[in-house]
Amino acid sequence: MNVKQNLEQINQQITEHCKKGEVSTLPNVIAVTKYVTIDRANDAYEAGIRHFGENRLEGFQQKHDALPDDVVMHFIGTMQTRKVKEVINDVDYFHALDRLKLAREINKRAQHEIKCFVQVNVSGESSKQGITLEEVDNFIDELEQFEKIKVVGLMTMAPFTDDESYIKDLFQSLRIKRDEIKKRNLKHAPCTELSMGMSNDYHIASEAGATFVRIGTKLVGKEE
Ligand SMILES: *Cc1c(COP(=O)(O)O)cnc(C)c1O
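Cut-offs used in this document
- Residues numbered from 1 in each chain as written.
- Predicted model: local features only at pLDDT ≥ 70, side-chain atom pairs only at ≥ 80, totals over all residues.
- Heavy atoms only, no water.
- UniProt positions renumbered as here; feature names shortened; annotations may be inferred.
- Helix = DSSP H or I, 4+ residues; strand = E, 2+ residues; numbered from the N terminus.
- Buried < 20%, exposed > 50% of the residue type's maximum accessible area, 1.4 Å probe, protein only.
- Contact = heavy atoms within 4.5 Å.
- Patch = residues over 30% accessible without salt bridge, like charges linked within 9 Å, V, L, I, M, F, W, Y side chains within 5 Å.
- Areas by Shrake-Rupley, 256 points an atom, 1.4 Å probe, with all protein chains shown as cover.
- Salt bridge = Lys/Arg side-chain N within 4 Å of Asp/Glu carboxyl O.
- Lys, Arg positive; Asp, Glu negative; His and termini not counted.
- Charge placed at Lys NZ, Arg CZ, Asp CG, Glu CD.

As annotated in an unreviewed UniProt entry, the protein carries the name Pyridoxal phosphate homeostasis protein and comes from Staphylococcus hsinchuensis. In UniProt, the protein has this text filed under Function (unreviewed entry): "Pyridoxal 5'-phosphate (PLP)-binding protein, which is involved in PLP homeostasis."

Caption draft 1: Representation of the UniProt feature "domain: Alanine racemase N-terminal" (unreviewed entry) in the protein within the structure. Taking the numbering used here, the UniProt-annotated feature "domain: Alanine racemase N-terminal" (unreviewed entry) corresponds to residues 25–222. In residues 25–222, the share of helix is 35% and the share of strand is 19%. The end C-alpha atoms are 29 Å apart.

Caption draft 2: Quick look at the UniProt feature "modified residue: N6-(pyridoxal phosphate)lysine" (unreviewed entry) in the protein. Under the present numbering, the feature "modified residue: N6-(pyridoxal phosphate)lysine" (unreviewed entry) in UniProt falls on Lys 34. Counting through the fold element by element, Lys 34 comes out in the loop between strand S1 (28–32) and helix H2 (38–46). On the basis of relative accessibility, which here comes to 32%, the residue Lys 34 falls in the partly exposed class. In contact with Lys 34, not counting residues within four places along its chain, are Gly 53, Glu 54 and Asn 55.

Caption draft 3: Representation of a negative patch on the surface within the structure. A cluster of acidic residues, Asp 162, Asp 163, Glu 164 and Asp 169, forms a negative patch at the surface. In this fold, Glu 164 is placed in helix H7 (residues 164–183). For Glu 164, a relative accessible area of 43% puts it in the partly exposed group.

Below, the structure is given as structure tokens:
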């Protein structure tokens, strides 16, 4: 399958599930290109994708340099504090803010406001990055001191499981938390966005109100 056909299928599924979940705005599709070449990333661009995601520094810089200027670049993985200065000013959205030390470094190195998602480990699985749901309010309060950091939303990765109702519960819990923070009308944390859903669960995330889904394998494939 080519990227364009994959995208059509994905869009169709997203539309159905948003309808089912009574979600009025479709999520933005981020093409996660970490497993593929620049050629394949360009295919996604040709198919109309403008949001691109990478989870490592090298891949991020490679795709950022190769893709046309009108793309929106998302850094979706954890970032080592000592690497922040090399990359942060090329990042349009950073999806993995989960510690103050990292926030402090971003604030120090950024030349403009950086749109950040706070990464939440909703399931509490020890293998996953992110803070717990209980910690979100405090963490966001602490981020107010960093004038370059704008908390645009919350992000999560669901665990690997076939239990769709469990994943749905996790996504809904994150949406509820997002709604709570949004209601507080914080200047540094408007928190209007929700980044959740990957190849295996973007349909569930769409139904639960994701505003960004991050899709690699099902959209651009995976080159070993
Ligand atoms: C790799 C990755 C994705 C995409 O994964 P697929 O299962 O290939 O769609 C999404 N989000 C994050 C944070 C990732 O690291």
